[in-house]
Amino acid sequence: MVTQIVTGKYVDLRDLLPTNCSPATEAEPLLKLDGLLILTATQSRKPKQAIEDIVSWVEAFSIYMAVATHYHPQRFKNLHQYLLLIIRTYRQFSGRAWQNYDVAFRQQAAALRCEDWSAIDTQLFNFHTAGSAPLPLPQPRSRSTTNCISWNRGSCVAPNPSACHFTHSCLTYHRNHQVRHCPNRPTGLLSHRNRPRSPPPAAPKRFKRN
C-alpha cells in the first residue's frame, strides 16, 4: 500500500480505513511508515466498509496524506488544498458529486502521473456536479426582538456581540444606547446598583465661640 501511494498509483481509499485493513501477509503484514504503525491487521476478512460520508473520506485521505508527504514533503500544500476542495464540493452540492469527482480525478492523476492536485479539473468537476442540485447557503441566524437586559445594565454576558440572541438596544426607546444612558430612562428598569445615589447629607455647621 505504501508503495502504491509513493509511486502515484491509484489507491482505493476504502483500503485505508482501519476497519478495512487486510489480515497480515508475508509481503506486507501491516501498513507502517518508518517503523510507526499506521494501520493494524484484523483477524478475519469482512466486507469492506464503504466510504459513505465525508468524515470517513477525510479519515482515509488523511492517512494517504501522511504517507505521501513523508516521502514527498513538497506535496503537502497541494494535497491539503485538494482536501479542502472536496470538503467545499460536499458542502456545495447534494448527493455524491464530491465522491464521484474525487475518484475520477485521482484515477486520472494516476494515469497522467500528475502530482499537483491543487488546481480543480474544470471538465471533470462540471461533469460530476451537473446532475447535483446546489445546496442552499446557510442563512444567518435572526436575532430576537427582545432587548438584552445585561447589555442595558452595562455589559452583555455573551462572549461576543454576534453570539448574543437578544437585541442590543434601549429597553424603553429601542435605540442603540443603553437604558442606563437613556435621557428619559424609567428608574424602575435599573437595578439598585446602577441607580444614581443621593448626595451625602451635609455636615452640621460648627459655630465658633466668642
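The structure this text deals with has already been given above.
Sequence order as written defines the numbering, with residues in each chain counted from 1. Two thresholds apply to this predicted model, a pLDDT of at least 70 for residue-level local features and 80 or more for giving and counting side-chain atom pairs, whereas whole-chain, interface and lining totals are computed over all residues. Based on all heavy atoms of the structure, the side-chain values leave hydrogens and waters out of the count.

Visitor: Is there a simple way to think about the nonpolar core in this case?
Guide: Burial of nonpolar side chains together is a common tendency in soluble globular proteins. By nonpolar core is meant a set of buried Ala, Val, Leu, Ile, Met, Phe, Trp, Tyr and Cys residues that side-chain atoms within 4.5 Å join together. Residue burial is assigned from relative accessible area. The probe radius is 1.4 Å, only protein chains are included, and a residue is buried under 20% of its type maximum, exposed over 50%, and partly exposed in between. Formed by 32 residues in total, the largest nonpolar core has its most connected members in Trp57, Phe61, Tyr64 and Tyr82. Counting from the N terminus, the helices are the DSSP runs of H or I reaching at least four residues and the strands are the DSSP runs of E reaching at least two. Secondary structure elements with two or more residues in this core: helix H1 (2-6), helix H2 (54-71), helix H3 (76-92), helix H4 (97-112) and helix H5 (122-129). The element best represented in this core is H2, accounting for nine residues. Discounting residues that sit within four places of it in the chain, phenylalanine 61 has contacts with Leu13, Leu79, Tyr82, Leu83 and Trp117. Any two residues whose heavy atoms approach within 4.5 Å at even a single point are treated as in contact.

Visitor: Looking at this structure, how should I read H5?
Guide: Since there are 3.6 residues in each turn of an α-helix, residues three or four apart along the chain are aligned in direction. Among the residues making up H5, those that are buried are Leu124, Phe125, His128 and Thr129. Projected down its long axis, H5 shows its buried positions confined to an angular sector of 110°, all on one face. Exposed and oriented more than 90 degrees from the buried face of H5 are Gln123 and Phe127. N or O atoms closer than or at 3.5 Å make up a polar contact, with two conditions inside protein: a donor-capable atom paired with an acceptor-capable one, and, for residues adjacent in sequence, both atoms drawn from side chains. Taking the backbone nitrogen of glutamine 123 as reference, a side-chain oxygen 3.3 Å away marks aspartate 121 as the first, capping residue of H5. The arc in question is the one traced by the directions running from the helix axis out to the C-beta atoms.

Visitor: Which parts of the structure should I look at to understand the side chain of histidine 128?
Guide: As for its placement among the helices and strands, histidine 128 is situated in helix H5. The class of histidine 128 is buried, set by a relative accessible area of 19%. Among residues more than four places away in sequence, those in contact with histidine 128 are Ala97, Asn100, Tyr101 and Ala104.

Visitor: What is the right way to read the packing of H3 against H4 from this model?
Guide: When two helices pack together, their arrangement is given by the angle between their axes and by how far apart the axes lie. For the pair H3 and H4, interaxial distance at closest approach is 8 Å and the crossing angle is 150°. With respect to their mutual orientation, H3 and H4 come out roughly antiparallel. Contacts from Tyr82, Leu85, Ile86, Thr89 and Tyr90 of H3 reach H4 at Trp98, Tyr101, Asp102, Phe105 and Arg106. Of the residues belonging to the contact of H3 with H4, the class tally is seven nonpolar, one polar and two charged. Each axis is a line fitted through C-alpha atoms, and for a helix only the stretch in contact is used; angles between axes span 0 to 180 degrees, taken between their N-to-C directions. Comment on the angle field: the value is read as roughly parallel under 35 degrees, roughly antiparallel over 145, roughly perpendicular from 65 to 115, and oblique elsewhere. Gly counts as polar in this scheme, as do all residues outside two lists: the nonpolar Ala, Val, Leu, Ile, Met, Phe, Trp, Tyr, Cys and Pro, and the charged Asp, Glu, Lys and Arg.

Visitor: Just checking my understanding: could you explain the side chain of serine 132 for this structure?
Guide: Mapped onto the secondary structure, serine 132 falls in the loop between H5 and helix H6 (149-152). Once residues within four sequence positions are removed from consideration, serine 132 is found in contact with Phe93, Ser94 and Ala97.

Visitor: So what exactly am I meant to see when it comes to the packing of aromatic side chains here?
Guide: The description of two aromatic rings rests on the distance between their centres and on the angle between their planes. Planes of paired rings set the category: under 30 degrees apart is stacked, over 60 is edge-to-face and the rest tilted, where pairs are Phe, Tyr or Trp rings (Trp by its six-membered ring) whose centres lie within 6.5 Å. On inspection of all chains with the given rule, the structure shows 13 aromatic pairs. With 5.9 Å between their ring centres and 70° between their planes, phenylalanine 93 and phenylalanine 125 make a pair best called edge-to-face. Taken together, the positions of phenylalanine 93 in the loop between H3 and H4 and phenylalanine 125 in helix H5 put the pair 32 residues apart, joining distant regions of the chain. Overall, phenylalanine 93 belongs to the buried group, its relative accessible area being 10%.

Visitor: When you look at the pattern of salt bridges in this model, what are you seeing that I'm missing?
Guide: Should their charged atoms come close, side chains of opposite charge can pair. A pairing counts as a salt bridge when a side-chain nitrogen of Lys or Arg comes within 4 Å of a carboxyl oxygen of Asp or Glu. Within this structure, the stated rule accounts for four salt bridges. Ionic pairing is found between aspartate 12 and arginine 14, a salt bridge with its closest N-O pair at 2.9 Å. Residue class for aspartate 12 comes out partly exposed when judged on its relative accessible area of 25%.

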